[in-house]
Amino acid sequence: MNSAAFPSLQSSFSQTPSFHSSQSSQPAFSLSLPSSSSSPSTFRTQTSLYLLPNNNNNVFLQKPRGAYKFPPRGNLSRATSRISCSAADPAKKLRLILDSPGTHQGPACFDALSAKLVEKAGFPFCFTSGFSISAARLGMPDTGFISYGEMVDQGQQITQAVSIPVIGDGDNGYGNAMNVKRTVKGYIRAGFAGIILEDQVSPKACGHTRGRKVVSREEAVMRIKAAVDARQESGSDIVIVARTDSRQAVSFDESLWRCRAFAEAGADVLFIDALASREEMRAFCEISPLVPKMANMLEGGGKTPILNPLELEEIGYKVVAYPLSLIGVSIQAMQDALSAIKGGRIPPPGSMPSFEEIKETLGFNDYYEEEKRYATSISRQTGSSASSNVYSMQRSAQDDREQRSESPQEPVVEVITPDVYNNYGADGSRSFSGIWSRTLRVKITGRDEFEKLDVRIPAGFLDGITNIVPALGGVNIKELLDQASGEAGGKLLLDFNDTAGDRIQVFLE
């Protein structure tokens, strides 16, 4: 470095800063003066330092992307401040990940909540899944029903909910090359860090389903060139992921040809969907070696072998998507919950978070803390008044209870259903005592031996029992009670398994 031109920088960098990559022991920051620099106040970073936006604050490295200008006598803190401020751009965050060692996992979200959960779990980035968004937003299959406008709107909700970069599913660009340009610019404005564009015809569909068709080679390449032009025109650095579905539509060799052409057209990441073997995956990663490759681990029975991240890294993949995990487990969890509710129960505690945990996930506690910063004197007085009112109501209720306790005890009234009244006691020939004054105990035990319900119901309130346990509908419990009128307490009246596999027992006490 020219010490005359950069006296302050020379002293600031007399020793290499001790920042290091979490996956490397090499120095993480160095500076050099471009050989043809026309200004002594301009230098180019060989390696720029940023913090990834995840919970662990991992440090990764970025390859050179342009020059940074600083005052000739600027110090280290000013230099690093100027460099690190660019990390606010989601595309630059994503490029840091692509430039860092290893294979990086990105679950696919479908709404703002699922994206927040991905970020909270510690993933440095995520994808959106057109398959899952079509399912969650429309309740329809991924067969071309969902539109550009709906995908952009959903994407904006997702990107605004998280700080990690999001790669958006851009389908086939929703038309010709001009439509592709509009799609890319719309995704940039929506806050996406990357966009996946494919070569399917319209209407497009999930790449692992039957009947895939692709456009011609020329049109497929033109879509990527249009995307690159749209990026340049927008002044953005959005990552363009070029996908081909020609492996299933045409042949494996055709998919390799298209990926080479996509790389030459300016794609940042290459992706062949629905590869059928490890050998095909390895051959794909060997083409255009300087361009990162994306894998798609379609859970639950796709065409591509499911490999773990270490295996994918060994083959040569840089990023891997998990498109169905979140939507799949959500569907199963909702079905289980609805079965429980239909059976007269609520989901067992282990199957869902507590209300406090739900509030924490959604940010209620953070909201309450931040709200305190803007409290006014009026709001504080209102809060104090509300506390006084609560105390007054509690005191009034206590006085009311004490007053009632001093008055003569009122008679206890037993409520029975009209049907029971007509059959027992309406004509004065039978007493309300006996079997109808006793109690039914209803106990439900799940397939996992977990006790889901254990309640006691007055025998005179039979009509209400099916509101609690719908599975008892159609059972003539009155007849069972008549037969057990002389039995001692604890008799088992019913013992069976419902359609969900839960064991239902009814005892007479």
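Labelled according to an unreviewed UniProt entry, the protein chain appears under the name Isocitrate lyase, originating from Linum tenue. Word for word, the UniProt comment on the protein chain under Catalytic activity (unreviewed entry) is "D-threo-isocitrate = glyoxylate + succinate".

Visitor: I'd like a rundown of the packing of aromatic side chains, residues and numbers included.
Guide: Taken as a whole and judged by the stated rule, the model has 6 aromatic pairs. When the ring of Phe125 is compared with that of Phe127, the centres are 5.4 Å apart and the planes differ by 65 degrees; the resulting orientation is edge-to-face. Both residues of the pair, Phe125 and Phe127, count as buried. Ring geometry for Tyr367 and Tyr368: centres 5.9 Å apart, planes at 70 degrees, overall edge-to-face. Look at Tyr368 and you get partly exposed, because its relative accessible area is 37%. A cation sits over an aromatic face here: Arg217 above Trp257, 3.9 Å from the ring centre. Here Arg441 stacks its cationic end above the ring of Phe507, 5.5 Å away from the centre of that ring.

Visitor: I'd like a description of the pairing of strand S7 (residues 166-169), backed by residues and values.
Guide: Side chains of S7 alternate between two faces, with Val166 and Gly168 and Ile167 and Asp169 buried alike. Where strand S6 (residues 126-128) lies against S7, 2 bridges are found, and the strand directions are parallel. Across the sheet, Cys126 pairs through a bridge with Val166, a residue of S7. Summarising the sheet, S7 and strand S8 (residues 194-197) pair through 3 bridges and their orientation is parallel. Looking at the pairing, Gly168 lines up with Ile195 of S8. Where the polypeptide runs from S7 across helix H7 (residues 177-189) and back to S8, its parallel neighbour, the crossover connection is right-handed.

Visitor: Hey, could you go over the sheet that holds strand S16 (residues 503-508) for me, with residue numbers and the actual values?
Guide: The strands that make up a sheet are held in pairs by hydrogen bonds between backbone atoms, and each pair lies either parallel or antiparallel. In space, the 4 strands of this open sheet follow the order S14-S13-S16-S15, with antiparallel pairing throughout. Each edge of the open sheet is held by one strand with a lone partner, namely strand S14 (451-458) and strand S15 (491-497). Here the strands of the sheet are splayed against their neighbours by 15 degrees on average, with no regard to which way each runs. Bridge analysis of strand S13 (residues 439-445) against S14 gives 7 bridges, and the strand direction is antiparallel. Each residue of the ladder has a partner; that of Arg441, found in S14, is Arg456.

Visitor: Before we move on, can you summarise the pattern of salt bridges with the specific residues and values?
Guide: Under the definition given, this model contains 26 salt bridges. Asp237 is the partner of Arg95 in a salt bridge, and the nearest nitrogen-oxygen pair spans 2.9 Å. Highlighted residues: Arg95 in helix H3 (residues 90-99) and Asp237 in the loop between helix H8 (217-234) and strand S9 (239-244), separated in sequence by 142 residues. For Arg95, a relative accessible area of 5% puts it in the buried group.

Visitor: Explain the side chain of Ser114 to me, and be specific about the residues and the numbers.
Guide: With respect to the helices, strands and loops of the structure, Ser114 is situated in helix H4 (residues 112-120). With a relative accessible area of 5%, Ser114 lands in the buried category. When near neighbours in sequence (up to four residues on either side) are disregarded, Ser114 contacts Cys109 and Leu326.

Visitor: I'd like to hear about the nonpolar core, residue by residue, with values.
Guide: Counting 60 residues, the largest nonpolar core has Leu270, Phe284 and Tyr317 as the members making the most contacts within it. Those residues within four positions of Tyr317 in sequence are excluded, and the remaining contacts are Thr103, Leu275, Met281, Phe284, Cys285, Lys293, Met294, Ala295 and Leu312.

Visitor: Can you tell me about the packing of H4 against helix H14 (residues 355-362), naming the residues and giving the values?
Guide: Where H4 contacts H14, the axes come no closer than 10 Å and their chain directions differ by 90 degrees. In terms of their interaxial angle, H4 and H14 are classed as roughly perpendicular. Residue-level inspection shows Leu113, Lys116, Leu117 and Lys120 of H4 in contact with H14, the latter providing Glu360, Thr361 and Leu362. Along the lines of polarity and charge, the residues of the contact of H4 with H14 split into 3 nonpolar, 1 polar and 3 charged.

Visitor: Give a description of the side chain of Gln505 that names residues and reports values.
Guide: Summarising the element assignment, Gln505 is placed in strand S16. When residues no more than four places from it in sequence are discounted, the contact partners of Gln505 are Arg441, Val442, Lys443, Leu492, Leu494 and Asp495.

Visitor: Give me helix H10 (residues 252-265): which residues, what numbers.
Guide: Three or four residues apart is the spacing at which side chains of an α-helix point the same way, because the helix has 3.6 residues per turn. For H10, with 14 residues, the first-to-last C-alpha span of 20 Å sits near the 20 Å given by 1.5 Å per residue. For H10, the complete set of buried residues consists of Phe252, Glu254, Ser255, Leu256, Arg258, Cys259, Ala261, Phe262, Ala263 and Ala265. Residues of H10 that are buried in the fold lie against H8, S9, helix H9 (246-249), strand S10 (269-272) and helix H11 (278-286). Phi turns positive, to about 115 degrees, at Gly266, one or two residues after H10.

Visitor: With reference to specific residues and values, describe the packing of helix H5 (residues 130-138) against helix H6 (residues 148-161).
Guide: Between two packed helices, what matters for the description is the angle formed by their axes and the separation of those axes. Their axes nearest at 11 Å, the elements H5 and H6 cross at an angle of 90 degrees. The angle between the axes of H5 and H6 places the two elements in the roughly perpendicular class. Across the interface between the two elements, Gly130, Ile133, Arg137 and Leu138 from H5 touch Glu150, Met151, Asp153 and Gln154 from H6. Residues belonging to the contact of H5 with H6 are distributed by class as follows: 3 nonpolar, 2 polar and 3 charged.

Visitor: Please give an account of the confidence of the model for the protein chain that cites residues and values.
Guide: Here the protein chain averages 77 in pLDDT, and 67% of its residues register 70 or above. With pLDDT under 50 throughout, residues 1-87 is counted as low confidence; its partners more than four residues away or in other chains account for 141 contacts. Taken as a whole, residues 408-432 scores under 50 in pLDDT and shows 23 contacts with residues more than four places along the chain or in a different chain.

Basis of the calculations
- Residues numbered from 1 in each chain as written.
- Predicted model: local features only at pLDDT ≥ 70, side-chain atom pairs only at ≥ 80, totals over all residues.
- Heavy atoms only, no water.
- UniProt positions renumbered as here; feature names shortened; annotations may be inferred.
- Phe/Tyr/Trp six-rings, centres within 6.5 Å; stacked < 30°, edge-to-face > 60°.
- Buried < 20%, exposed > 50% of the residue type's maximum accessible area, 1.4 Å probe, protein only.
- Lys NZ or Arg CZ within 6 Å of the ring centre and 35° of its normal.
- Helix = DSSP H or I, 4+ residues; strand = E, 2+ residues; numbered from the N terminus.
- Pairing = 2+ DSSP bridges.
- Right-handed = clockwise from strand over helix to strand, strands pointing away.
- Axes fitted to C-alpha atoms, helices over the stretch in contact; angles between N-to-C directions.
- Salt bridge = Lys/Arg side-chain N within 4 Å of Asp/Glu carboxyl O.
- Contact = heavy atoms within 4.5 Å.
- Core = buried A, V, L, I, M, F, W, Y, C linked by side-chain atoms within 4.5 Å.
- Parallel < 35°, antiparallel > 145°, perpendicular 65-115°, else oblique.
- Nonpolar A, V, L, I, M, F, W, Y, C, P; charged D, E, K, R; others polar.
- Expected span 1.5 Å × (residues − 1).
- pLDDT = per-residue confidence, 0-100.

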